[in-house]
Amino acid sequence: MGVSSTYDRGRNLVVEKPMTAVLGVLAALLVLDLFRQLATGNITIARVLGLILDGLFRGLVIGLAGIGLSMTYSILNFANFAHGDYITAGAFSGWATTYLIAGGFGSAANIGSLALVGAGGSVFGGALGINAVETPLAVFAGLIVSGVFTIALALAIDKFVFKPIRGSGGIPLLITSIGVAFALRYLIQFMFDSGTRGTTNTGSLPGVRPYIIDGTVAFTAHDALLVIVAGGLMLGVHILLQRTKLGKAMRAMSDDEALARITGIATERVIRATWIIGGGLTGVSGFMFVLWKGTLSWNDGWLLLLLIFAAVILGGIGSVYGAIAGGLVIGLTASTAVIWIPSGFARAAAFAVMILVLVVRPEGIFAGRSTA
């Protein structure tokens, strides 16, 4: 009876939800191939664990940045394509502050190089000894400035660019945001140059390297700081949305803006708070991403933006929790995909997973949980 019941359930799954069955078979094949590679020595358990950790850290950055994008969409009802360049702007502002403090403000001739984050190779973060342990004040100040600067930038752009056309609908706002994105990106490139520069001294960075069966797995102080900052901010957003009057107003406006206005909710105040919260999280995510990976470039935010959009769509458009969950899924996929495919295709694998999951669950992982 049990065997017959199991068979019937399996047959019904194949008939009624063929894509779910296909995904299940594909996942099983990937797991079997992973065991084959482990058995033949093509990959080690330590390497797999290292890739999983890398994916989790990357996913935290994507999820943290995705919260702001998701809030913007759910409350203002448009996809902000300038979001990635907010990340870059926040990163550069924060790292300019970190360089200035770590460099001790040097001579008058040196201040410019520090403020431009070593443009043209004039100053190197490694030479300044920058990391969270040796220069904690500089890193902390940069973290704060990155959030504050991005908040100011988001509010200014909203006031002078988005607010005048807010009543025109989502499409004009989306197109305008693309123009803002290009303007910000090439202004950053013009000011700070297009070179990629190293920002931290990782050689003396403390951490642990436990031996796991067949190798070591590194966990540094920057990894720990990323987990603490991202996890703390995500928890803070959860508390704000669920326990505060502002959070309830945000959820109400996300559900029905017209009804929110009728009930007396100050919608402009909610919109302003959305930009403040989203901008702060976005700037901090940019700074922490650079601290974690150790390099900074003018198009970092743009490259992250596509993965952030994938995470937000996968998690369920408009859901803050969905953005976090989607970020973790996308981050893990992008990192662990190299087990089966060349590293150059890892980003494509993340989008492939998004498409496959949406085929099975078109509404996303956290469907119906807009903003909260």
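Since this is a predicted model, take the numbers as computed values, not measurements.

J.: So, the UniProt feature "transmembrane region" (unreviewed entry) in the chain: which residues are in play, and what are the values?
T.: Under the UniProt annotation, "transmembrane region" (unreviewed entry) lies at residues 18-35, 56-76, 139-157, 169-188, 224-241, 270-292, 304-330 and 337-360. Span residues 56-76 is 100% helix and 0% strand, its end C-alpha atoms 29 Å apart. Annotation note: span residues 304-330, helix share 85%, strand share 0%, distance between end C-alpha atoms 11 Å.

J.: Can you break down the pattern of salt bridges residue by residue, with the values?
T.: Scanning the model with the defined rule gives seven salt bridges in all. The partner of aspartate 300 in a salt bridge is lysine 293, and the shortest N-O contact between them spans 3.4 Å. On the accessibility criterion, lysine 293 (30% relative accessible area) is partly exposed. What emerges from the salt-bridge pattern is a single network uniting Asp158, Arg166 and Glu268.

J.: How would you summarise the packing of helix H14 (residues 320-336) against helix H15 (residues 346-360) if you had to cite specific residues and measurements?
T.: In the contact formed by H14 and H15, the axes pass within 7 Å of each other and the chain directions differ by 140 degrees. Taken together, the axis directions place H14 and H15 in an arrangement best described as oblique. Crossing hand, H14 versus H15: right-handed. Facing H14, whose interface residues are Val329, Ile330, Thr333 and Ala334, H15 presents Ala346, Ala349, Ala350, Val353 and Met354. Across the contact of H14 with H15, the residue classes tally to eight nonpolar, one polar and no charged.

J.: Describe unusual backbone geometry, naming the residues involved and giving the relevant values.
T.: Positive phi values are uncommon outside glycine, yet asparagine 77 reaches one of about 60 degrees. Located in the positive-phi region is valine 117, a residue other than glycine, with phi close to 55 degrees. Following the sequence through the fold, valine 117 ends up in the loop between helix H5 (108-115) and helix H6 (125-128). Valine 117 gets classed as buried once you look at its relative accessible area, which sits at 0%.

Each value, and the rule that gives it
- Residues numbered from 1 in each chain as written.
- Predicted model: local features only at pLDDT ≥ 70, side-chain atom pairs only at ≥ 80, totals over all residues.
- Heavy atoms only, no water.
- UniProt positions renumbered as here; feature names shortened; annotations may be inferred.
- Helix = DSSP H or I, 4+ residues; strand = E, 2+ residues; numbered from the N terminus.
- Salt bridge = Lys/Arg side-chain N within 4 Å of Asp/Glu carboxyl O.
- Buried < 20%, exposed > 50% of the residue type's maximum accessible area, 1.4 Å probe, protein only.
- Axes fitted to C-alpha atoms, helices over the stretch in contact; angles between N-to-C directions.
- Parallel < 35°, antiparallel > 145°, perpendicular 65-115°, else oblique.
- Left-handed = near helix turned anticlockwise from the far one by under 90°.
- Contact = heavy atoms within 4.5 Å.
- Nonpolar A, V, L, I, M, F, W, Y, C, P; charged D, E, K, R; others polar.

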